[in-house]
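# Coordinate inspection notes
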Amino acid sequence: MPDQPHYLAGLDLTGRKVVVVGGGTVAQRRLPRLLAAGATVELIAPHTTPSVQALADTHTLVWHARPYRHGDLDGAWYALACTDDPEVNAAVVAEAERARVFCVRSDAGARGSAVTPATGEHDGLTVGVLSGGAPRRSAAVRDAVLDALRTGAVADSDDGRPPMAGVALVGGGPGDPDLITVRGRRLLARADVVVTDRLAPRELLDELGDHVQVVDAAKIPYGRAAAQEAVNRVLIEQARAGRFVVRLKGGDPYVFGRGFEEVLACAEAGVPVTVVPGVTSAFSVPAVAGVPVTHRGVAHEVVVVSAHLPPGHERSLVDWEALGRMRGTVVVMMGLERLALVADALVAAGRPADTPVAVVQEGTLRTQRVVRSTLAGVARAVAGAGLRPPAVAVIGPVAGLSASEAASETALETTGDV
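Right, let's walk through the structure included here. Owing to the predicted nature of the structure, the values given are computational and were not obtained by experimental measurement.

### A closer look at the overall build of the protein chain
Within the protein chain, the regular secondary structure consists of twelve helices and 17 strands. Taking the principal axes of the C-alpha coordinates as reference, the protein chain spans close to 80 × 65 × 35 Å. Intrachain contacts of the protein chain at a sequence separation of at least 6 include 62% that bridge at least 24 residues. When the accessible surface of the protein chain is summed, it comes to about 22200 Å², and 54% of that surface belongs to carbon and sulfur atoms.

### Digging into unusual backbone geometry
The residue after P389, namely P390, is reached through a cis peptide bond having omega 0 degrees. Mapped onto the elements of the fold, P390 is located in the loop between helix 11 (378–385) and strand 17 (391–395). Unusually for a residue other than glycine, R258 sits at a positive phi of about 60 degrees. Assignment of secondary structure puts R258 in the loop between strand 11 (245–249) and helix 7 (259–268). Backbone geometry places T364, a non-glycine residue, at a positive phi of 80 degrees. Within the element layout of this structure, T364 appears in the loop between strand 15 (356–361) and strand 16 (369–374). Residue T364 is classed as buried on the basis of its relative accessible area of 15%.

### Things to note about the sheet that holds strand 16
If you walk across this open sheet you meet the five strands as 13-14-17-15-16, and the pairing is mixed. Two strands lie at the open edges of the sheet, namely strand 13 (302–306) and strand 16, each paired on one side alone. Within the sheet, the average angular offset between the axes of one strand and its neighbour, ignoring direction, is 20 degrees. As defined by bridge partners, strand 15 adjoins strand 16 across six bridges and the pair is classed as antiparallel. Of the residues in strand 16, the one forming a bridge with A358 is R372. Packing of helix 8 (residues 281–288) onto the sheet brings it into contact with strand 13, strand 14 (329–333), strand 15 and strand 17, and relative to strand 17 it is tilted by some 80 degrees. Lying on the sheet, helix 11 is in contact with strand 15 and strand 16; it crosses strand 16 at an angle near 150 degrees.

### Here's the deal with the environment of A383
With respect to the secondary-structure elements, A383 resides in helix 11. Spatially, the C-alpha atoms of A383 and R142 are 48 Å apart, while their sequence positions differ by 241 residues.

### Focus: the packing of helix 6 (residues 227–240) against helix 7
Two elements in contact, helix 6 and helix 7, have axes separated by 10 Å at closest approach and are oriented at 50 degrees. Between helix 6 and helix 7, the angle is such that the two are oblique. Where helix 6 crosses over helix 7, the two elements pack in a sense that is right-handed. Contacts between helix 6 and helix 7 involve Q228, V231, N232, L235 and I236 from the former and E261, E262, A265 and C266 from the latter. Taken together, the residues of the contact of helix 6 with helix 7 sort by class into five nonpolar, two polar and two charged.

### What about the packing of helix 1 (residues 25–36) against helix 2 (residues 50–57)?
Viewed as axis vectors pointing N to C, helix 1 and helix 2 meet at an angle of 30 degrees, and their least axial separation amounts to 9 Å. Considering only the axes of helix 1 and helix 2, their crossing is left-handed. Packed against helix 1, whose contacting residues are Q28, L31 and L35, the element helix 2 presents S51, V52 and L55 at the interface. Residues that form the contact of helix 1 with helix 2 fall into these classes: four nonpolar, two polar and no charged.

Cut-off values and rules
- Residues numbered from 1 in each chain as written.
- Predicted model: local features only at pLDDT ≥ 70, side-chain atom pairs only at ≥ 80, totals over all residues.
- Heavy atoms only, no water.
- Helix = DSSP H or I, 4+ residues; strand = E, 2+ residues; numbered from the N terminus.
- Contact = heavy atoms within 4.5 Å.
- Areas by Shrake-Rupley, 256 points an atom, 1.4 Å probe, with all protein chains shown as cover.
- Buried < 20%, exposed > 50% of the residue type's maximum accessible area, 1.4 Å probe, protein only.
- Pairing = 2+ DSSP bridges.
- Axes fitted to C-alpha atoms, helices over the stretch in contact; angles between N-to-C directions.
- Parallel < 35°, antiparallel > 145°, perpendicular 65-115°, else oblique.
- Left-handed = near helix turned anticlockwise from the far one by under 90°.
- Nonpolar A, V, L, I, M, F, W, Y, C, P; charged D, E, K, R; others polar.

Structure, rendered in structure tokens:
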């Protein structure tokens, strides 16, 4: 191939035959985007990775379980030679050249008639970067451009894009702003109004344009008992005024976040709602603190409970006696100030008093703190350390694991299986 820059073009592959020769990890990476583009994919490979096999099993593509042979490109519009055999890849490229089919050669990009750019998507935009054979450079530039688009550092013109409507209920994750989902960040960048609360990642608000109205749900001027109704009213009124409203919540909106109450209120008012799940703090906060909520051979069950009402409260829906009889993991949310009552209830129901407990304050943030204790001593340990909400408590054998102990347990179980 001449030493010239490539011509970057967008191919409409909808309903058109694309041949992929090779079923290894390269094919595994390329197939999802080809299929998402609507291509009719035919895979030529004696063997595939399990992920590629799964696509074939669901008839998402046609798999010819055999080696490549001349004629496989008949009727193709595009081809990818991605086997681990250079001779096979060269043969595919040669056939493609004769058939005037553009072909990517994964093991020697300059010897094909096309190359795959580093690509990514942002709110209807597809970004592609070519760097003349330096794939890491392409990927780095692509990531930088996408990050700039998502944060608003690079202006994304609204020209030609329909305005957003209604309400987006977005889970912001456990606290670290980098842990919001890509879709959540994308919708946040298009908001006219953001209704937030104290558990949502506050740093994300700094990325908003000056035109965006930020409403702090904690400061809406209504009584405490009517706070949720007031939030619902703000969402509906702002959306009916023609503004795109993002309700930014901490964690996942549906995990003790009253998200479904807001969805129901909008639905009853005829306001369209988009729900964007978030990374729940119930699992992510213990994870960053080195506590797995499940572990092979240690815990086969995990239950997430809210302790905003203490054990014994007439309106509590938690069966604390059942939790005391189980041997797995209990993750307690909104219960820091009631840990003594929780621990007493679990011990009374049968949990050993020496059951490990890990309590994580402000998980994923630079202010994160972790206290490890037992059911018998956790209330004193938390009080002595001065922990404050928000915090997540993990109760069960997993809370007593360390990385070295976990590796040892896995090795012992594997040996037993053999």
